[in-house]
Amino acid sequence: MNGAADSLERWLASAARRRSAAFLERKRHVLRPLDAVRVHDGELELLNFSSNDYLGLAGHPDLRAAAAEAAHEFGSGSGASALVTGYRPQHQQLEDGLAEFLDREAALLFSSGYLANLAVATSLAGRGDRIVQDRLCHASLIDAARLSGARLARYRHADMGSLEQQLGDASSGHTLIVTDGVFSMDGDIAPLSELSAQAQASDAWLVVDDAHGIGVIGSGGRGLVAEAGLNQARVPVLVGTLGKAFGSAGAFVAGSRGLVEHLVNEARSYLFTTAMPPAVAAAGLAGLAHVRDDQWRREHLAERVSQFREGAQQRGLDLMPSHTAIQPLVLGGEKAALDLAGRLRERGFLVAAIRPPTVPPGTARLRVTLSAAHTHEHVESLLEAIESCLDGR
Ligand SMILES: Cc1ncc(COP(=O)(O)O)c(C=O)c1O
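Residues numbered from 1 in each chain as written. Predicted model: local features only at pLDDT ≥ 70, side-chain atom pairs only at ≥ 80, totals over all residues. Heavy atoms only, no water.

Turning to empty space enclosed by the protein, a few remarks are in order. Per the stated rule, a full pass over the model turns up three cavities of 30 Å³ or more. Residue lining of the largest cavity: A82, Y87, H91, E95, L109, F110, S111, Y270, T273, T274, A275 and M276, and that is the complete set. Secondary structure elements with two or more residues in the lining of the largest cavity: α4 (89–102) and β4 (106–110). (1 Å grid on protein atoms, 1.4 Å probe; cavity = no way out; pocket = protein on both sides within 12 Å on 5 of 7 lines; lining within 4 Å. Points joined across faces, edges and corners; volume = space filled by probe spheres on them. Helix = DSSP H or I, 4+ residues; strand = E, 2+ residues; numbered from the N terminus.)

Once that is clear, we can look at the packing of aromatic side chains. Using the criterion set out here, one finds two aromatic pairs in the structure. Considering the side-chain rings of F49 and F349, the 6.4 Å spacing of their centres and the 35° angle between planes classify their relative orientation as tilted. Taken together, the residues span a long stretch of sequence, with F49 in the loop between β3 (44–48) and α2 (61–74) and F349 in strand β12 (residues 349–350) at a distance of 300 residues. The same class applies to F49 as to F349, namely buried. With 5.4 Å between their ring centres and 70° between their planes, F110 and Y270 make a pair best called edge-to-face. Of this pair, F110 sits in strand β4 while Y270 is found in helix α11 (residues 268–271), placing the two residues 160 residues apart along the sequence. A relative accessible area of 3% places F110 in the buried class. In this structure Y270 comes out as buried when scored by relative accessible area, which is 9%. (Phe/Tyr/Trp six-rings, centres within 6.5 Å; stacked < 30°, edge-to-face > 60°. Buried < 20%, exposed > 50% of the residue type's maximum accessible area, 1.4 Å probe, protein only.)

Of all hydrophobic cores here, the largest spans 81 residues; its most connected members are F49, L98, L195, L301, F308 and L344. Not counting chain neighbours up to four residues away, the residues in contact with L301 comprise Y54, L55, V216, A325, L370, S371 and A372. Membership of the second largest hydrophobic core comes to 31 residues, among which are A144, V207, A251 and A267. (Core = buried A, V, L, I, M, F, W, Y, C linked by side-chain atoms within 4.5 Å. Contact = heavy atoms within 4.5 Å.)

Our next topic: the sheet that holds β3. Where strands meet in a sheet, backbone hydrogen bonds hold them as pairs that are either parallel or antiparallel. Taken in spatial order, the four strands line up as β1-β2-β3-β12 in an open sheet, and their pairing is mixed. A single partner strand is all that each edge strand has here, and the edge strands are β1 (31–33) and β12. (Pairing = 2+ DSSP bridges.)

With respect to the element layout, L238 can be found in strand β9 (residues 237–241). Looking at L238, the relative accessible area reads 3%, which means it is buried. Residues L238 and F252, 14 residues apart in the sequence, show an inter-C-alpha distance of 8.3 Å. The residues touching L238, leaving out its near neighbours within four places in the chain, are L102, R104, V208, D210, I214, V225, F252, V253 and A254.

Our next topic: the pattern of salt bridges. For the structure on display, the rule yields 13 salt bridges. Note that D143 is salt-bridged to R146, the shortest N-O span being 4.0 Å. Highlighted residues: D143 and R146, both in helix α6 (residues 139–148), separated by three residues, approximately one helical turn. Owing to a relative accessible area of 25%, D143 belongs among the partly exposed residues under this scheme. Residue classification places R146 among the exposed residues on the basis of a relative accessible area of 56%. The partner of R365 in a salt bridge is D186, with the nearest N and O atoms 2.8 Å apart. (Salt bridge = Lys/Arg side-chain N within 4 Å of Asp/Glu carboxyl O.)

Take the sheet that holds strand β8 (residues 205–209) next. In space, the seven strands of this open sheet follow the order β4-β10-β9-β8-β7-β5-β6, with mixed pairing throughout. Across the chains shown, the open sheet's two edge strands, defined by having one partner strand only, are β4 and β6 (151–155). Across the sheet, the mean angle separating the axes of adjacent strands is 20° when strand polarity is ignored. Here strand β5 (residues 130–134) runs beside β6; their pairing, made up of five bridges, is parallel. Its bridge partner lying in β6, D134 is registered against Y155. Packed onto the sheet, helix α5 (residues 113–124) meets β4, β5, β7 (175–180), β8, β9 and β10 (251–255) and runs at close to 165° relative to β9. (Axes fitted to C-alpha atoms, helices over the stretch in contact; angles between N-to-C directions.)

The next thing to look at is the site of the ligand. Around the ligand, 13 residues are found, and the nearest of them are G113, Y114, D209, H212 and K244. G113 places a main-chain nitrogen or oxygen 2.7 Å from an oxygen atom of the ligand. For the ligand, the protein covers 81% of the area, taking 380 Å² as the surface of the free molecule. Ranked by residue count, the leading element in the shell around the ligand is α5, at three residues. Of the residues assigned to the shell around the ligand, the class counts are two nonpolar, eight polar and three charged. (Near = heavy atom within 4 Å. Polar contact = N/O pair within 3.5 Å; in protein donor to acceptor, adjacent residues only side chain to side chain. Areas by Shrake-Rupley, 256 points an atom, 1.4 Å probe, with all protein chains shown as cover. Nonpolar A, V, L, I, M, F, W, Y, C, P; charged D, E, K, R; others polar.)

If you check helix α14 (residues 334–346), its first and last C-alpha atoms are 19 Å apart, about what 13 residues at 1.5 Å a residue would give, namely 18 Å. By the burial criterion, the buried members of α14 are E334, A337, L340, A341 and L344. Down the axis of α14, the buried set is contained in an arc of 140°. They therefore lie on one face. Residues of α14 that are buried make contact with β11 (326–332), β12, β13 (353–354), β14 (364–369) and α15 (376–391). Remark: G348 follows α14 within two positions and exhibits a positive phi of approximately 100°. (Expected span 1.5 Å × (residues − 1). Arc of directions from axis to C-beta.)

Now for the domain arrangement of the protein chain. Put simply, an interface is often sized by how much accessible area is lost when its parts join up. Assigned domains within the protein chain: domain 1 (23–55 + 295–391) and domain 2 (61–293). Taking only C-alpha atoms, the centre of domain 1 and the centre of domain 2 are 26 Å apart. The partner domain 2 presents 23 residues to the 21 residues of domain 1 that form the contact. Overall, the association of domain 1 and domain 2 removes approximately 1500 Å² of surface from exposure, summing both partners, and the carbon and sulfur fraction of that is 58%. Where domain 1 packs against domain 2, one counts one salt bridge. For the pair domain 1 and domain 2, the interface holds 10 residue pairs in polar contact (both at pLDDT 80 or more). Breaking the side of domain 1 that touches domain 2 down by element, the ones donating at least two residues are α13 (295–314), β11 and β14. (Domains from an automatic or database assignment. Buried area = accessible area lost by both parts, 1.4 Å probe.)

Following this line, the structure appears as structure tokens:
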């Protein structure tokens, strides 16, 4: 018997028991997509209301063809980090396309949003600096700030008075103000104009992660920052992801040429990781063309969001003040959220129960996400199912 391995297994088992007792256990399901909104989970066919594929592009023939062509041309992997030998024409084209789309001087691709946020925080701030974040910022922004070594302060959600208070504390180095654009678990939006004014007034650098806004919000899908009329000088660091509305995977940071050059040279999560596969970049580029050109997808999505909100209101469901594709139904307890998700699943709906630490304790919820690929009937049937599940409590 190996004593160390045994003690590891005992420790793992006790952690698993703790998770299970608190209804915080997480399980993966092997899903087989049937189309943009239906999946097979074993024998069950489910209507998916938990994807971030907001425009229904992830399975689009153009993205599939672009990925296949790039894989055919350059292979499945890039083989090295971008700075060694992994940088391909597809990467460069997508970076140029994103910079132009977002009216920024340059953009830099990352393999994931998590890595992009890590890059920003750790290469722009360190010991002696501070990062001031909205309390509901995405986990990747929190982790990035912690890893940077800078002092992390958090202001009350979207509360400019609380931010001002935090900024009033003395700091020897520079300050980053960091926020989600659309908040990932609540679906509401950051007060970007006020944040930008605060940043200007206190000489802080504003970082906006608009992972759930770019592609979905604003004319042409340029996201919340463009919608608020904030240029590169007002929001010098803009983060977006390609695995949501763009239908591919990966992420980017957009800003000045100087910013991108700095990240290329200093960001460890750029330097020390294999470049995204060229097929993924090619799919991202095809996704960008649809994001730019298919205004009808955003219109369709907006109709589904209004339909869901009106239907929920008529049924007395308590929604959060969100007008985006993210429509959470807060239940409070972890077990209540899991139970409702389970009952919806029996009726053919896939809606994830989101629990701590993804959301604060006591705010477990069903995070309903809507897509341009959902029909009127899909949304109606979900509303009816939620109502009947709650009635049967
Ligand atoms: C606001 C926000 N930023 C970053 C990420 C991470 O992006 P990725 O999934 O590409 O790592 C997510 C979610 O995935 C997110 O919601």
